[in-house]
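Here is what each chain is made of, one letter per residue.
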Amino acid sequence: AVVSTQSTGEREEANEQPRISTMPRGSAVTTKDKGKGKAKELPPIKTHEFLMNKTFGQHLLKNPAIIDSIVEKAELKATDIVLEIGPGTGNLTFRLLPHVKKVIAVEVDPRMAAELQKRVQSSPHASKLHIILGDFLKADLPYFDVCVANVPYQISSPLTFKLLSHRPLFRTAVLMFQREFAMRLVAQPADSLYCRLSVNTQILSKVKHVMKVGKNNFKPPPKVESSVVKISPLNPPPPINFVEWDGLIRLCFQRKNKTLGAIFKQSNVIELLEKNYKTYCSVNNIAVEPDLDFKSKLLSILETNNFSESRSSKLSINEFLRLLTAFKENKIHFI
């Protein structure tokens, strides 16, 4: 396993330093803190000592008020295990540790991980920190209750859906994104930013915009503005095959302002869905009509369910669910 987490009944020594494990082959390493008595809080890290790595999208959040607000919005409990993605040098980590049972920090940059370990090792909360050194998108995630992250913007979408597919479900995530990406997450039907991302996120979770964050709150400042959103997975999750759901949504949002009637008249769409239909019938020993006009079949389903003139940009999630059900009732699938 990438991370060896302790069960609830296990105790960590109060003077244990933070553990670092490498991904995928490393294992947790523990050392002993020789210091005694109450540790003094370390001074803020001098970020100019590091040349930020553009490949990793490194922009360190430096405003204490915003950091405190993120911690507050996470609504942490003393029993929580928190997953922090991209802790950097630990400005947010330091605010999290006093409030929770454990922080599991995933950091891809060895320099940042080493600096975080150095800063925390003399803290009274050092034993609560476990650092995973590696790429979050490739890591096997342990159990966690809450996730917080100043997200590297170039991995925003895969990171979001990796979190939402994680089992068991976490309680909530408070995440910093590029402003436009955040607004797509929360967009509603008829909003200009309403898109496949909006629908796929909102079918799986409740998403709320928490606050705007200006670029000058980071070091170095990014080129774009940021926003914090709160994502709470629906529990239980909706009873759908998400791969099939996404197949429908991807097709519908290829041209979100076109009518569904126009989209489903396209020859490549007809060919794909007819192939899926015949495969489904073959696997389930269902005879295919010898004189099947598949284009007419598709358009008839849309017409019967009043979707022919509908546009994806204005359909709600419940309407998309009804559309998917109508197709499935006619043995038409999107995987």
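For every chain, the first residue of the written sequence is number 1, and numbering continues from 1 onward in sequence order. Only residues with pLDDT of 70 or above have their local features reported here, since the model is predicted, and side-chain atom pairs are shown and tallied only from 80 upward, although totals for entire chains, interfaces and linings are computed over all residues. Side-chain metrics in this entry use all non-hydrogen atoms of the structure; hydrogen atoms and water are not considered.

Enquirer: Can you lay out the overall build of the chain for me, pointing to particular residues and giving the numbers?
Expert: Within the chain, the secondary structure is distributed over eleven helices and ten strands. Remark: exposure states derive from per-residue accessible area (1.4 Å probe, protein chains only) relative to the maximum for the residue type, with buried under 20%, exposed over 50%, and partly exposed in between. Residue burial in the chain is summarised as follows: out of 335 residues, 50% are buried. Between two residues, a contact is recorded if the distance between any of their heavy atoms is within 4.5 Å. Restricting the contact set of the chain to residue pairs at least 6 apart, pairs at least 24 apart contribute 70%. In this description a helix means any DSSP run of H or I spanning at least four residues, a strand means any run of E spanning at least two, and both kinds are numbered starting from the N terminus.

Enquirer: Break down the nonpolar core for me, citing the residues and quoting the values.
Expert: Leu-83, Leu-163, Leu-175, Leu-260, Phe-264, Phe-320 and Phe-327 are the most contacted members of the largest nonpolar core, which has 62 residues in total. Per-element tally for this core: the top contributor is helix H11 (residues 317–329), with six residues. Every residue in contact with Leu-260, bar those within four places of it in the chain, is listed here: Cys-252, Leu-302, Phe-307, Ser-308, Ser-310, Ser-312, Leu-315 and Leu-323. Here, nonpolar core means buried Ala, Val, Leu, Ile, Met, Phe, Trp, Tyr and Cys residues that are tied together by side-chain atoms lying within 4.5 Å of each other. Counting residues in each nonpolar core, the second largest holds 31 residues, with Ile-66, Ala-105, Ala-126 and Ile-131 among its members.

Enquirer: A description of the packing of helix H9 (residues 267–283) against helix H10 (residues 294–304) should follow, citing residues and the corresponding values.
Expert: Interhelical geometry of H9 versus H10 gives an angle of 95 degrees and a closest axis separation of 10 Å. Between H9 and H10, the angle falls in the class roughly perpendicular. Within the contact between the two elements, H9 uses Ile-270, Leu-273, Glu-274 and Tyr-277 and H10 uses Phe-294, Lys-295, Lys-297 and Leu-298. Note on geometry: axes are lines fitted to C-alpha atoms, helical ones only across the stretch in contact, with angles between N-to-C directions running from 0 to 180 degrees. Each angle gets one of four labels, with under 35 degrees taken as roughly parallel, over 145 as roughly antiparallel, 65 to 115 as roughly perpendicular, and the rest as oblique.

Enquirer: Kindly report on the pattern of salt bridges, identifying the contributing residues and their values.
Expert: Any carboxyl oxygen of Asp or Glu that lies within 4 Å of a side-chain nitrogen of Lys or Arg is treated as forming a salt bridge with it. Summed over all chains, the structure comprises nine salt bridges. For Glu-180, the salt bridge identified is with Arg-184, shortest N-O distance 2.7 Å. Taken together, the residues span about one helical turn, with Glu-180 and Arg-184 both in helix H5 (residues 179–186) at a distance of four residues. For Glu-180, a relative accessible area of 41% puts it in the partly exposed group. Judged by relative accessible area, Arg-184 falls into the partly exposed class, the value being 26%. One network of salt bridges, in which partners are shared, links Arg-196, Asp-246 and Arg-250.

Enquirer: Describe the confidence of the model for the chain, naming the residues involved and giving the relevant values.
Expert: The pLDDT score gives, residue by residue, the confidence of the prediction method on a 0 to 100 scale. In this model, the chain carries a mean pLDDT of 86, and residues with pLDDT of at least 70 account for 83%. Low pLDDT, under 50, characterises residues 1–17; the stretch is placed with 39 contacts to residues that sit more than four places away or in other chains. Ignoring residues within four places in sequence, the model shows residues 23–48, a span with pLDDT below 50, making 46 contacts including any to other chains.

Enquirer: Before we move on, can you summarise H11 with the specific residues and values?
Expert: With 13 residues, H11 ought to run about 18 Å at 1.5 Å a step, and its terminal C-alpha atoms sit 18 Å apart, in line with that. Those residues of H11 that are buried lie in contact with helix H6 (196–202), helix H7 (242–252), helix H8 (260–263) and H10. The first or second residue beyond H11 is Lys-331, which carries a positive phi of 65 degrees. To estimate the expected span of a helix, subtract one from its residue number and multiply by 1.5 Å.

Enquirer: Give me the packing of aromatic side chains: which residues, what numbers.
Expert: Pairing of aromatic rings covers Phe, Tyr and Trp, the last through its six-membered ring, and needs centres within 6.5 Å; plane angles under 30 degrees mean stacked, over 60 mean edge-to-face, and all others mean tilted. This structure, assessed with the given rule, holds nine aromatic pairs. Chaining the aromatic ring pairs together yields one cluster made of Tyr-194, Trp-245, Phe-253 and Phe-320.

Enquirer: Can you tell me about the pairing of strand S10 (residues 226–233), naming the residues and giving the values?
Expert: For S10, the tally of buried residues reaches seven of eight residues, placing the bulk of the element in the interior. What makes two strands pair is DSSP finding at least two bridges between them. In this sheet, S10 lies alongside strand S7 (residues 172–178) in antiparallel orientation, the contact comprising six bridges. Bridge pairing links Leu-175 to Val-229 in S10. With eight bridges joining them, strand S8 (residues 205–213) and S10 adopt antiparallel strand pairing. Paired with His-209 across the strands is Val-229, a residue of S10.

Enquirer: Could you give me a rundown of the side chain of Lys-128, with the residues and numbers involved?
Expert: Structurally, Lys-128 is set in the loop between helix H3 (110–120) and strand S5 (129–133). Engagement of the side chain of Lys-128 in a polar contact is seen with the backbone oxygen of Leu-97, the distance being 3.0 Å. We define a polar contact as two N or O atoms separated by no more than 3.5 Å, with the added condition that, inside protein, one atom must be a possible hydrogen donor and the other a possible acceptor, whereas residues neighbouring each other in sequence contribute only through side-chain atom pairs.

Enquirer: Lay out the packing of H10 against H11 in plain terms, naming residues and giving numbers.
Expert: In contact at an axis separation of 10 Å, H10 and H11 are set at 135 degrees when each is read in the N-to-C sense. On the basis of their axis angle, the class for H10 and H11 is oblique. Both H10 and H11 take part in a crossing whose hand is right-handed. Taken together, the residues of H11 that come into contact with H10 (itself represented by Leu-298, Ile-301 and Leu-302) are Leu-323, Ala-326 and Phe-327. Residue composition of the contact of H10 with H11, grouped by class: six nonpolar, no polar and no charged. Definitions for this section: a left-handed crossing has its near helix turned counterclockwise from the far helix by less than a right angle. A right-handed crossing has that turn clockwise. Amino acids outside the nonpolar list (Ala, Val, Leu, Ile, Met, Phe, Trp, Tyr, Cys, Pro) and the charged list (Asp, Glu, Lys, Arg) are all regarded as polar, and Gly is one of them.

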